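What follows is the residue order along each chain.
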Amino acid sequence: MRRRTTRIAVQSRRSRSAANLEEVNEHSVPDPSSTDLAPSTPPAADAADNNHIDLDAIERDLTDVQTALERLNDGSYWTDEVTGEPIAEDVLAAHPTARTATPTLS
């Protein structure tokens, strides 16, 4: 049951990240049939951040999610990649893509 719940949580995160990336891509490619020459602003953009969206961060997150799903499949998800020790469930609950017992927050 724990494996199924974890897989659902990680897949949900992948879906959210993929949707964010798709939304950004839809708004960053100009529509040639459009007569509006003003650049469009993605809805997910933060006005306080000059409408900047970190595409690299979204892509990194998708890569991390894919790695987490692979680790679930091969049974190493709950094991620290560096020490080989178990990763606490509260760490994985807070950081589903963690690969070590003390994940680096970025």
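Note that the structure is predicted; figures quoted are calculated from it, not measured.

(A) Summary view of the overall build of the chain. Looking only at helices and strands, the chain has three helices and zero strands in total. In sequence order, the secondary structure elements of the chain are arranged as α-α-α. Looking at the chain as a whole, 24% of its 106 residues are labelled buried. For the chain, the proportion of contacts with a sequence separation of at least 24, taken over those separated by at least 6, is 49%. Counting only carbon and sulfur atoms, one obtains 51% of the accessible surface of the chain, whose full area is about 7,400 Å².

(B) Examining the environment of Ala68 more closely. You can see Ala68 is positioned in helix α2 (residues 55–74). Excluding residues within four positions of it along the chain, Ala68 makes contact with Val10, Tyr77, Pro96 and Thr97.

(C) Looking closely at the environment of Ala101. Mapped onto the elements of the fold, Ala101 is located in the segment after α3 (89–94). Residues Ala101 and Pro86, spaced 15 residues apart in sequence, show a C-alpha to C-alpha distance of 7.3 Å.

(D) Here's a closer look at the confidence of the model for the chain. Looking at the chain as a whole, its pLDDT mean stands at 77, while 71% of the residues score no less than 70. In the predicted structure, residues 34–48 sits below a pLDDT of 50 and forms twelve contacts with residues beyond four places in sequence or in another chain.

(E) Structural view of the nonpolar core. The biggest cluster of nonpolar side chains holds eleven residues, and these are Val10, Val65, Ala68, Leu69, Leu72, Tyr77, Trp78, Ile87, Val91, Leu92 and Ala98. Looking at this core, the elements that each hand over two or more residues are α2 and α3.

(F) Spotlight on the pattern of salt bridges. Scanning the model with the defined rule gives three salt bridges in all. Among the salt bridges present, the one from Asp61 reaches Arg13, with a minimum N-O distance of 2.5 Å. Separated by 48 residues along the polypeptide, Asp61 in helix α2 and Arg13 in helix α1 (residues 2–28) bring together distant segments of the chain. The exposure class assigned to Asp61 is buried, which follows from its relative accessible area of 14%. For Arg13, a relative accessible area of 22% puts it in the partly exposed group. The partner of Arg99 in a salt bridge is Glu81, with the nearest N and O atoms 3.0 Å apart. Of this pair, Arg99 sits in the segment after α3 while Glu81 sits in the loop between α2 and α3, placing them 18 residues apart in sequence. A relative accessible area of 34% places Arg99 in the partly exposed class.

(G) Up close: α2. A rise of 1.5 Å per residue sets the reference length of α2, with its 20 residues, at 28 Å; its end C-alpha atoms lie 29 Å apart and thus fit the reference within 8%. Those residues of α2 that sit buried are Ile58, Asp61, Leu62, Val65, Thr67, Ala68, Leu69, Arg71 and Leu72. Sitting at the head of α2, Asp54 places a side-chain oxygen 3.2 Å from the backbone nitrogen of Asp56. Backbone geometry just downstream of α2 places Gly75 in the positive-phi region, at approximately 85°.

Rules of the game
Residues numbered from 1 in each chain as written. Predicted model: local features only at pLDDT ≥ 70, side-chain atom pairs only at ≥ 80, totals over all residues. Heavy atoms only, no water. Helix = DSSP H or I, 4+ residues; strand = E, 2+ residues; numbered from the N terminus. Buried < 20%, exposed > 50% of the residue type's maximum accessible area, 1.4 Å probe, protein only. Contact = heavy atoms within 4.5 Å. Areas by Shrake-Rupley, 256 points an atom, 1.4 Å probe, with all protein chains shown as cover. pLDDT = per-residue confidence, 0-100. Core = buried A, V, L, I, M, F, W, Y, C linked by side-chain atoms within 4.5 Å. Salt bridge = Lys/Arg side-chain N within 4 Å of Asp/Glu carboxyl O. Expected span 1.5 Å × (residues − 1). Polar contact = N/O pair within 3.5 Å; in protein donor to acceptor, adjacent residues only side chain to side chain.

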